[in-house]
Structure formats: C-alpha cells, structure tokens
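So the chains spell out like this:
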Amino acid sequence: MSEISYVDLPVKEKIQKTYELYEPFLNDIMLNVEKQLQKSIRLSSQPTYKTRVKSFDSYYKKILRVKPRDVAGSDTLVCLTDMIGIRIICAFLEDLSGVQDQIKHLFKVREIENKSAAQNFREFGYESIHVLIEIPQNCFPEIIVPGTDKKYKIPQDLVCEIQIRTILQDAWAEVEHELIYKSEFSPFDMPLRRKLASINASLTLADIIFQEIRDYQKKLQTEMEERRKSFYGKADKLDIFSEEKPTDKPVIERVSPYVKGTIDDLLLEAIHAHNTGDLERAINIYSFIIDSQPKPDNIVLSVIRKHRGMAYFARSDYEKALDDFKESAELDPKNFRSAYYEGIVFAILKRYNEAVLCYTKSLELNEYQSHTFFRRAVAYYEMNEYEKALNDITAARKLGMNDDSCKTLHDRLIEKLDMKM
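The structure displayed is predicted, hence computed values, not measured ones.

How each quantity is defined
- Per chain, residue numbering runs from 1 following the sequence as it is written.
- Only residues with pLDDT of 70 or above have their local features reported here, since the model is predicted, and side-chain atom pairs are shown and tallied only from 80 upward, although totals for entire chains, interfaces and linings are computed over all residues.
- With hydrogens and water excluded, all non-hydrogen atoms of the structure serve as input to the side-chain values.
- To qualify as a helix, a DSSP run of H or I must reach at least 4 residues; to qualify as a strand, a run of E must reach at least 2; elements of each kind are numbered from the N terminus.
- Exposed residues in this analysis have more than 50% of their type's maximum accessible area, buried residues have under 20%, and partly exposed residues fall in between, with area computed by a 1.4 Å probe over protein chains only.
- Pairs of residues are marked as contacts when any of their non-hydrogen atoms sit within 4.5 Å.
- Pairing between two strands is assigned when DSSP locates at least 2 bridges connecting them.
- For helices, the fitted line uses only the C-alpha atoms of the stretch in contact; every axis is such a line through C-alpha atoms, and the angle between N-to-C directions lies from 0 to 180 degrees.
- Helices are assigned an expected span. That span is 1.5 Å times one less than the residue count.
- Identification of polar contacts relies on pairs of N or O atoms within 3.5 Å, with a donor-acceptor requirement for protein atoms, meaning one able to donate a hydrogen and the other able to accept it, and with residues adjacent in sequence counted only if both atoms are side-chain atoms.

Asker: What's the story with the overall build of the protein chain in this structure? I'm lost.
Answerer: Scanning the protein chain from N- to C-terminus turns up 15 helices and five strands. Taking all 421 residues of the protein chain together, the buried fraction comes to 43%. At a minimum sequence separation of 6, the contacts of the protein chain that also span at least 24 residues come to 68%.

Asker: How should I be thinking about the sheet that holds strand β3 (residues 109-114) in this particular structure?
Answerer: By definition, the strands of a sheet pair up through backbone hydrogen bonds, in either a parallel or an antiparallel sense. Overall, mixed pairing links the five strands, which are arranged β1-β2-β5-β4-β3 in an open sheet. Across the chains shown, the open sheet's two edge strands, defined by having one partner strand only, are β1 (48-53) and β3. Adjacent strand axes in the sheet meet at a mean angle of 20 degrees when their direction is disregarded. Direction of pairing for β3 relative to strand β4 (residues 129-134): antiparallel, over a ladder of five bridges. Bridge pairing in β4 places E113 opposite H130. Sheet contacts for helix α1 (residues 12-40): β1, β2 (84-90), β4 and β5 (159-166); angle to β1, the most-contacted strand, approximately 165 degrees. Sheet contacts for helix α4 (residues 93-106): β2, β3, β4 and β5; angle to β5, the most-contacted strand, approximately 160 degrees.

Asker: Which parts of the structure should I look at to understand helix α14 (residues 386-398)?
Answerer: Residues separated by three or four positions in an α-helix point in the same direction, a consequence of the helix having 3.6 residues per turn. The end-to-end C-alpha separation of α14 is 18 Å, in line with the 18 Å expected for 13 residues at 1.5 Å each. Taken from the residues just after α14, G400 is the one with a positive phi, measuring 110 degrees.

Asker: Honestly, the environment of K67 in this entry has me stumped. Any pointers?
Answerer: Assignment of secondary structure puts K67 in the loop between α2 (56-66) and α3 (68-72). Aside from chain neighbours lying at most four places away, what touches K67 is K62, V78, C79 and D157. Side-chain polar atoms of K67 contact the backbone oxygen of C79, separated by 2.6 Å.

Asker: Whenever I open this one, helix α13 (residues 370-382) confuses me. Can you help?
Answerer: Its 13 residues give α13 an end-to-end C-alpha distance of 19 Å, which sits within 8% of 18 Å, the value for a rise of 1.5 Å per residue. Counting buried residues along α13, 11 of its 13 residues qualify, which places the element largely inside the surrounding structure. Listing the buried residues of α13 in full gives S370, T372, F373, F374, R375, R376, A377, V378, A379, Y380 and Y381.

Have a look at this one:
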C-alpha cells in the first residue's frame with residue numbers, strides 16, 4: 001500500500017497570515033467603491049447599502065473547496081470573486097434594472113448573473129442580481145509592507161461583487177441564510193422546505209404587487225398632471241395677463257388598472273376620460289364614486305369632488321364647479337387646492353371679492369403658493385386695490401414665479417401707483 005503525500009497540502013497558518021495582511025486593503029477598496037456608488041446611483045427612492053469583506057473562516061472554507069492547489073502554492077493572496085461584497089437594496093423591482101444599467105456606466109463589468117433565472121418553480125432561494133466589477137484604479141489605496149518602502153502587490157484578478165436586491169429579497173436572503181446554510185437539512189425536512197418555498201413565493205408576489213402599485217401611482221400621477229394643466233390652461237385663457245402658449249401634450253401610456261372595480265380603478269378611468277375629452281363619462285364616474293355605498297371617507301370624497309369640479313369647469317358649468325370645490329374644501333379642511341380652484345372660478349365670473357376670500361383661505365393653509373399670490377394680485381388689480389396687488393405680486397416673485405404674466409402685471413401696477421403719486 002503506497003503512502004499518501006501531504007507535502008502539497010495548504011498551510012492554514014500561512015494562508016491566514018497572508019489574508020490578514022491584505023484585509024485592511026480590502027476594506028479600504030470596499031469603502032471607496034461604495035462611496036462611488038452612493039455618489040452616482042440615482043433612483044426616485046434612494047437605495048440603502050450593506051458592505052462586507054469576507055471573514056477569514058469563510059474565505060478559508062471556500063478557497064479549499066474551489067482553489068486548493070492555487071492557494072497551496074502561492075505566497076500572495078489568492079482571490080475569490082466574492083471577497084469584497086456590496087449589496088444595494090432597492091424599494092421596487094423596477095429599480096433593479098436601473099441600478100444595473102448605472103453600474104455598467106460607472107465600472108468595467110466582468111460578469112452579470114441573475115440568480116432567479118436559474119431557479120425552477122419547485123426550488124426556493126433568494127432572487128438577486130450579482131454584478132462583478134473590476135476595481136477602478138482610483139479605488140486602490142496605497143498599502144506599504146510594514147518595515148519597508150514596498151507596496152503590496154495588487155492581485156490582477158481582484159474584483160468586487162455587487163448584489164442588487166429589493167428590500168423583500170434581502171429580507172428573505174438573510175432569513176434563508178440562518179435557516180438553511182447554517183444548518184443541515186435531511187430528506188425528512190421536506191415539509192419545512194415546502195413552507196420555506198411558500199414564504200419565498202409570497203414575498204415574490206408581494207414585490208410584484210408593490211411594483212404594480214408603484215406603476216399605477218406613476219400613471220395616475222401623469223394623468224392627474226395632464227388634467228391639472230388642462231384646468232390651468234383654460235383659466236389662463238380667460239386671464240388678461242396670460243399669454244396662451246402652445247404646449248406639447250405628454251405621451252401617456254394608458255393603463256388597465258390591476259384591480260377592477262376599486263375606487264382607485266374608477267378614479268383612473270374617470271381621469272382618463274377627463275383627459276381625452278369625454279367629460280360626460282368622467283362626471284358620471286365621479287358621481288358614481290360619490291354616491292357609492294358604503295360611502296367613502298371624507299378625504300376620498302374631497303378628492304373626488306375636486307376632480308368632478310374640474311370636469312364641470314372644463315365644460316364651463318361654473319356653478320356646479322363652484323359647488324364641488326366648496327364641498328371638497330369642507331370635507332377636507334386642509335385641502336388648499338380646492339379653495340384655490342374655487343377662487344379661480346369666482347375670478348372668471350368676475351366675482352373678485354369672493355375670489356380673494358378663497359385665495360386667502362388657500363394661502364392660510366399653505367403660504368408657499370406663488371400662483372395663488374399671483375391670482376389674488378390679479379383679483380386685487382381688478383378691484384383697483386393696487387398696493388395689495390403689488391404686495392402679492394412681490395410675494396409671487398419671491399417664491400419663484402417670474403413669467404411674462406407676472407412681469408406684465410408688475411409693470412402695470414408700478415405704472416398705476418406712479419400715476420397716483
């Protein structure tokens with residue numbers, strides 16, 4: 001029987017000494033890469049970051065498994081792809097591809113792996129995008145060998161692994177690590193595996209639902225913004241100080257909301273009809289929501305009344321618009337926009353005293369409204385109260401409003417006040 005030679009076995013003590021020499025160096029690299037990411041990655045909801053340099057125990061176990069011969073014959077650091085790890089944790093699924101694209105522009109990417117793509121429906125495990133990047137030269141600190149003027153040799157294959165996950169994916173990965181990788185599952189653990197697979201599926205579904213809600217909100221916001229611009233556009237046409245300017249209408253991806261029959265669904269449908277000029281349908285849907293049972297709460301009713309008032313305004317039914325804006329403001333006493341819209345209608349009807357009262361009420365709720373100061377200035381001008389108008393136009397300009405209408409009114413007020421003097 002031949003004897004087994006152990007001459008070429010890796011020496012743990014030697015490997016540990018080498019690793020510990022490089023560990024501060026790895027930490028500095030990690031922090032420098034993280035700083036670049038935090039400075040450059042931009043999302044609507046900024047991500048959070050987790051970082052770690054692989055512990056020696058973890059490094060040693062893995063290096064024996066994947067590169068035992070390399071480490072046995074080396075006097076320098078033998079690298080693994082996950083020695084330096086940075087995790088970027090995002091709020092929504094859509095953010096994952098956004099972060100991935102931005103990383104491609106920041107660093108030289110060696111490899112991208114989508115962990116979820118390899119799983120089938122029977123398996124469970126965390127979903128994650130793993131991006132391996134080359135370390136930029138400006139991220140390498142200078143580390144001098146103690147007692148010499150020599151620098152440590154930088155391993156050519158050193159990379160940083162960036163993981164991109166959602167909050168729920170990260171939560172699952174943390175729990176899974178504790179329950180699975182720190183324990184040993186036997187074939188008798190299948191019921192537990194099914195439970196874990198069920199939890200993972202639930203979290204994945206929750207991520208999808210969060211993204212659907214996010215998509216819905218963004219599309220609803222776009223529709224509402226278009227409707228608001230339409231409302232102000234009509235008001236401006238009737239304003240003697242406004243010059244009508246052509247504007248490009250935004251291209252809106254029309255949607256079929258994800259839950260049919262809900263108030264959210266109906267509201268989006270109504271605003272869609274409103275924006276496409278089908279005012280009768282929009283008003284009918286708004287009215288259906290207002291009259292529905294069980295009755296929506298006052299905040300919801302205030303919003304719907306405001307929208308219906310804008311639809312009435314669009315078809316020049318000013319008295320009904322006034323009723324809805326007034327009711328909206330009463331249902332939600334903090335709703336400064338409804339009071340503002342009510343003032344606009346009164347001004348169009350040349351009921352300037354009432355317009356001023358509404359603008360004043362709106363400004364009492366939110367004093368940082370440049371357009372409300374401007375419109376109250378117009379009302380004061382029509383009432384020949386030029387000093388009050390000048391005070392309001394000055395406030396509007398301080399808050400950033402300085403368009404042609406504002407300048408025109410300001411010049412006319414100066415002229416009027418000079419004539420009085």
